[in-house]
There are 2 protein chains.
Amino acid sequence: MPFSAAALQNAIDNKTKPPGSLGQIERIAAQIAALQKTLVPKMESCRLTIFAGDHGIAANGTSAYPQEVTRQMVLNFLGGGAAANVFARTLNVGVQVVDTGVAGEPISHPALLNRRLGAGTEDCSIRAAMTTAQFDGALEHGRGIADSERFDAVCFGEMGIGNTSSATLIFHKLFDLPLLELTGRGTGLDDDGLRRKADILRAAANRTPGKLSAADVMMEYGGFEIAMMTGAMLAAAKSGTLIIVDGFIASAAAATAMAMQATVRPAMIFAHTSAEQGHALALRALDAEPLLNLNMRLGEGTGALLAWPLIKSAAAMLTEMASFDSAGVSGPA
Amino acid sequence: MPFSAAALQNAIDNKTKPPGSLGQIERIAAQIAALQKTLVPKMESCRLTIFAGDHGIAANGTSAYPQEVTRQMVLNFLGGGAAANVFARTLNVGVQVVDTGVAGEPISHPALLNRRLGAGTEDCSIRAAMTTAQFDGALEHGRGIADSERFDAVCFGEMGIGNTSSATLIFHKLFDLPLLELTGRGTGLDDDGLRRKADILRAAANRTPGKLSAADVMMEYGGFEIAMMTGAMLAAAKSGTLIIVDGFIASAAAATAMAMQATVRPAMIFAHTSAEQGHALALRALDAEPLLNLNMRLGEGTGALLAWPLIKSAAAMLTEMASFDSAGVSGPA
């Protein structure tokens, strides 16, 4: 049957269930079908790419953890011991890890993709986080990574001590949301730490009065891992691949991609509402209705991974479920 | 390491992630570990059992669908075309179907478990739904089904036109919750239908003034499928099997099992909040914090199935994730 919005709604409503009784699963199934332009969508393969990078702003004590943890976690990802690895193995999703600019010397490991744009960004509370060349390089590398293989869906995760600061500033500048309401505890700041972080972010935001383009926001306040994820999202959406958007940081990359290219939106499913303070606010600004709300705030793509089996099930519902006619089931009395 | 609550919390907090950052996944992991009394829980095998049965009260027009749909859906389950089949296949969970008392002649099918207690219950708006012998038989069959094989977790689903009426009356009588607030649209009643259903349920409830035991509530207002599910839950909990509780109807079976035997509670994880009106209220009475909220209201075990990969991931987190020590990752600064 040729694809149309009417044929799609008809197909969903003729499945053997009361209309609407699968709630969000029906909404997701419709989005996937529209993206793939078919009434029998396929959602079988998925990969997680974790982008790691360091942030100059972390030198100001904006995180509860020291900067070296970014590098240590890259090794943990490569060793298969992080939460994202465990969830990915459990859910049968492959993982690749990208060094976008971890502080210190390059990490040598056969499985690590080296796409370094520097040894961490500049401190964005006092100057631009990255140059135009670095930003362009991040987009290009991101596109290349997304284009390199074909999956029905992709999860993008991140690791970078200090990157809730970056994401907070991105949302603040893109959507003009109140900075203090967006500023959260990240990996676990105490009250003093949170006040210090808020002061530093205020100084950073005040550095660039006036409206900035999405590209300028990323150059001023972004991270290499966030910018590269934006590039990967732009390319994935262009090729019709479903993007499962993770939490607070990944949403900042998604918001940037959407601001740069509005047509990416239909390719995105928002996986979960993070416990990081600003995420719910940012999601409202993005008009996003995430699938999960598990009080998680880890990043790495962990929320996106947990949404994957639901998304897979949604596509299978449309492709495999019997209709009232085919199963000989009566409709409403 | 020997199992203790302190050792468990220590193990969770030493995983390479900020403490608490996996939210509900950590809570679930702790519950599974405590149930299995180990710091390395196993959550690999799961089966869905769908209990089908008819309800005498349906003759009063309490459902949007005709009674024959119960039988038709049993055939749909056996043919693999229902939503529960599709989700189960996608998530690698086996399915078995039990006829607990579908109206009409017994269905002959090699894969169907025949545990019929009658051709549907009596109309509980005018008399008790089942006899003591039928109730005892339902519990016994349920226990037998749960005891017949070993899985790390079980999902119990149901099908029975009219069974939101049964579940509504069970919650009303067990917890003294307001009947009108519990009464919902089921498969999709319109406003007139909802008013009619509310009137009939009021008449049914008024038939038995005074406090009833959980067993009496089930005999007066239950369904064969709900009572058999209660028996299966009691047996599964006794053997230390995790029970993934589905939606409104399955929660009524869970509430009955808990009222009969409080020690079953630690074996239960509530999968999702159903869109059926009374479920959120019932869940509060059960002090349950479900994993998912997808606006679903189909039953069949569909909500329980979608929670399974999250539960599997939670156990894997505890069993497979690296610790700060083992991965050489620094703690907070």
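Residues numbered from 1 in each chain as written. Chains lettered and ligands numbered in written order. Predicted model: local features only at pLDDT ≥ 70, side-chain atom pairs only at ≥ 80, totals over all residues. Heavy atoms only, no water.

Engineer: Explanation requested: the sheet that holds strand β2 (residues 94-101) of chain B in the structure shown.
Structural biologist: Consider a sheet: its strands pair through backbone hydrogen bonds, and that pairing is either parallel or antiparallel. Residues and elements named next belong to chain B. Pairing in this open sheet of six strands is parallel, and the strands run β3-β2-β1-β4-β5-β6 from one edge to the other. Looking at which strands have only one partner, the edges of the open sheet turn out to be β3 (112-114) and β6 (268-270). Going across the sheet, the axis of each strand differs from the next one's by a mean of 25°, ignoring polarity. Two elements, strand β5 (residues 242-245) and β6, share three bridges in a ladder whose sense is parallel. For valine 245, the partnering residue across the bridge sits in β6 and is phenylalanine 270. (Pairing = 2+ DSSP bridges. Helix = DSSP H or I, 4+ residues; strand = E, 2+ residues; numbered from the N terminus. Axes fitted to C-alpha atoms, helices over the stretch in contact; angles between N-to-C directions.)

Engineer: How do you make sense of the nonpolar core when you look at a structure like this?
Structural biologist: In a soluble, globular protein the nonpolar side chains are often hidden away together inside. Ranked by internal contacts, the top residues of the largest apolar core, which has 261 residues, are Ile244(A) and Ile311(A). Residues contacting Ile311(A), with those up to four places away along its chain left out, are Ile28(A), Ile32(A), Met43(A), Leu242(A), Ile244(A), Ile269(A) and Leu291(A). (Core = buried A, V, L, I, M, F, W, Y, C linked by side-chain atoms within 4.5 Å. Buried < 20%, exposed > 50% of the residue type's maximum accessible area, 1.4 Å probe, protein only. Contact = heavy atoms within 4.5 Å.)

Engineer: Looking at this structure, I do not really get the relation of the copies chain A and chain B. What am I missing?
Structural biologist: One copy of the chain maps onto the other through a rotation about an axis plus a displacement along that axis. Mapping chain A onto chain B calls for a screw motion: a turn of 180° about the axis and a shift of 0.0 Å along it, with 0.0 Å RMSD after fitting. The operation mapping one copy onto its partner corresponds to a two-fold rotation axis. (Least-squares fit on C-alpha atoms with pLDDT ≥ 70 in both.)

Engineer: Would you mind going over the pattern of salt bridges with me for this structure?
Structural biologist: Opposite charge on two side chains allows them to pair when their charged atoms are near. Residue and element names in this part refer to chain A. In this structure the tally under the stated criterion is 22 salt bridges over all chains. Among the ionic pairs, glutamate 149 bridges to arginine 47, the shortest N-O distance being 2.4 Å. With glutamate 149 in the loop between α5 (132-147) and β4 (153-159) and arginine 47 in strand β1 (residues 46-53), this residue pair connects regions lying 102 residues apart in the sequence. Residue arginine 47 is classed as buried on the basis of its relative accessible area, which comes to 10%. (Salt bridge = Lys/Arg side-chain N within 4 Å of Asp/Glu carboxyl O.)

Engineer: Which parts of the structure should I look at to understand the interface of chain A and chain B?
Structural biologist: As a measure of interface size, the accessible area lost when the parts come together is often cited. Residue-level contacts link 55 residues of chain A with 55 residues of chain B. For the pair chain A and chain B, the two sides together bury roughly 4,300 Å², of which 65% comes from carbon and sulfur. Looking only at chain A, the three residues that lose the most surface to chain B are Tyr65(A), Thr90(A) and Leu294(A), adding up to 12% of its buried area. Here Arg89(B) and Glu320(A) are joined by a salt bridge, their closest N and O atoms 3.0 Å apart. At the surface where chain A touches chain B, the tally comes to 16 residue pairs in polar contact (both at pLDDT 80 or more). The set of elements that each furnish at least two residues to the side of chain A that touches chain B consists of α2 (23-36), α3 (68-79), α4 (83-90), α13 (302-320) and α14 (324-327) of chain A. (Buried area = accessible area lost by both parts, 1.4 Å probe. Polar contact = N/O pair within 3.5 Å; in protein donor to acceptor, adjacent residues only side chain to side chain.)

Engineer: Would you mind going over the packing of aromatic side chains with me for this structure?
Structural biologist: Aromatic ring pairs are reported here in terms of the distance separating the ring centres and the angle at which the planes meet. Residues and elements named next belong to chain A. Counted by the stated rule, this structure contains eight aromatic pairs over all chains. Ring centres of phenylalanine 171 and phenylalanine 248 lie 5.3 Å apart, and the angle between their planes is 45°; on these two criteria the pair is classed as tilted. With phenylalanine 171 in helix α6 (residues 163-175) and phenylalanine 248 in helix α11 (residues 248-260), the pair connects residues that are 77 residues apart, well separated along the chain. The pair phenylalanine 171 / phenylalanine 248 is uniform in exposure class, with both members buried. An aromatic cluster is present here, built from Phe171, Phe175 and Phe248 joined pairwise through their rings. (Phe/Tyr/Trp six-rings, centres within 6.5 Å; stacked < 30°, edge-to-face > 60°.)

Engineer: How should I be thinking about the sheet that holds strand β3 (residues 112-114) of chain A in this particular structure?
Structural biologist: All names here are of chain A. Here six strands make up an open sheet; going across it, the order is β3-β2-β1-β4-β5-β6 and the pairing parallel. Each of the sheet's edge strands pairs with one partner strand only, and the pair in question is β3 and β6 (268-270). Strand-to-strand twist of the sheet, defined as the mean angle between neighbouring strand axes without regard to direction, takes the value 25°. Running over the sheet, α5 touches β1, β2 (94-101) and β3 and is turned about 160° from β1.

Engineer: Explanation requested: helix α13 (residues 302-320) of chain B in the structure shown.
Structural biologist: For the α-helix, the turn length of 3.6 residues means that residues three or four positions removed from each other point alike. Residues and elements named next belong to chain B. Look at α13: 28 Å from first C-alpha to last across 19 residues, which is about the 27 Å you get at 1.5 Å a residue. Its maximal kink placed at tryptophan 308, α13 deviates by approximately 30°, while the proline proline 309 follows within four residues. Counting buried residues in α13 gives 16 out of 19 residues, a clear majority hidden from the surface. (Expected span 1.5 Å × (residues − 1). Bend = angle between axes of the 7 residues up to and from the residue.)

Engineer: Help me understand the pairing of strand β5 (residues 242-245) of chain A in this model?
Structural biologist: Within a regular strand, the side chains alternate between the two sheet faces. Burial of the side chains of β5(A) extends over both faces: Leu242(A) and Ile244(A) are buried on one face and Ile243(A) and Val245(A) on the other. Between β5(A) and its parallel partner β6(A), the chain crosses via α11(A), and the hand of that crossover is right-handed. (Right-handed = clockwise from strand over helix to strand, strands pointing away.)

Engineer: Please explain the environment of His141(B) as it appears in this structure.
Structural biologist: Residues and elements named next belong to chain B. Looking at the secondary structure, you find histidine 141 in helix α5 (residues 132-147). When the C-alpha positions of histidine 141 and valine 69 are compared, they lie 24 Å apart, and in sequence the two are 72 residues distant. Each residue touching histidine 141, except ones within four places of it in the same chain, is listed here: Arg115, Leu117 and Met228.

Engineer: Explanation requested: unusual backbone geometry in the structure shown.
Structural biologist: With the exception of glycine, most residues fall at negative phi, and the peptide bonds are largely trans. Phi at Asn92(A) takes a positive value of approximately 65°, unusual for a residue other than glycine. Summarising the element assignment, Asn92(A) is placed in the loop between α4 and β2. On the basis of relative accessibility, which here comes to 70%, the residue Asn92(A) falls in the exposed class. One non-glycine residue, Asn295(B), lies in positive phi territory at about 60°.

Engineer: So what exactly am I meant to see when it comes to α5(B) here?
Structural biologist: Residue and element names in this part refer to chain B. In this model α5 runs 22 Å from its N-terminal to its C-terminal C-alpha over 16 residues, within 8% of the 22 Å that 1.5 Å per residue would give. Those residues of α5 not exposed but buried are Gln134, Phe135, Gly137, Ala138, Leu139, Gly142, Ile145 and Ala146. Where α5 is buried, its residues meet β1 (46-53), β2, β3, α9 (214-221), α10 (224-238) and α11 (248-260).

Engineer: Help me out: how do you make sense of the environment of Ala204(B) in this one?
Structural biologist: All names here are of chain B. Turning to its location among the elements, alanine 204 is positioned in helix α8 (residues 191-206). Residues alanine 204 and serine 166, spaced 38 residues apart in sequence, show a C-alpha to C-alpha distance of 9.9 Å. Excluding its chain neighbours within four sequence positions, the residues that come into contact with alanine 204 are Cys124, Ser125, Leu169 and Tyr221.

Engineer: Would you mind showing me how to read the environment of Met260(A) here?
Structural biologist: Residues and elements named next belong to chain A. Checked against the element boundaries, methionine 260 lands in helix α11. Take methionine 260: its relative accessible area is 33%, and that puts it in the partly exposed class. Excluding residues that lie within four positions of it along the chain, methionine 260 makes contacts with Phe135, Leu139, Ala214, Thr230 and Leu234.

Engineer: Got a minute to help me understand the pairing of β1(A) in this structure?
Structural biologist: All names here are of chain A. Within β1, eight of the eight residues are buried, which leaves it mostly tucked inside the rest of the structure. The side-chain alternation of β1 yields two buried faces, one formed by Cys46, Leu48, Ile50 and Ala52 and the other by Arg47, Thr49, Phe51 and Gly53. Alignment of β1 against β4, held across seven bridges, turns out to be parallel. Bridge assignment links leucine 48 to a residue of β4, and that residue is cysteine 155. Pairing analysis gives seven bridges linking β1 to β2, with the strands arranged parallel. The residue of β2 that forms the bridge with glycine 53 is glycine 101.

Engineer: How do you make sense of the packing of α6(A) against helix α9 (residues 214-221) of chain A when you look at a structure like this?
Structural biologist: For any two helices packed against each other, the geometry comes down to the angle between their axes and how far apart the axes lie. Residues and elements named next belong to chain A. Contact geometry for α6 and α9: axes closest at 10 Å, N-to-C directions at 150°. Overall, the two elements α6 and α9 adopt an arrangement that is roughly antiparallel. In the crossing of α6 with α9, the sense of the turn from one axis to the other is right-handed. Of the residues in α9, those touching α6 at Ser166, Leu169, Ile170, Lys173 and Leu174 are Ala214, Val217, Met218 and Tyr221. (Parallel < 35°, antiparallel > 145°, perpendicular 65-115°, else oblique. Left-handed = near helix turned anticlockwise from the far one by under 90°.)

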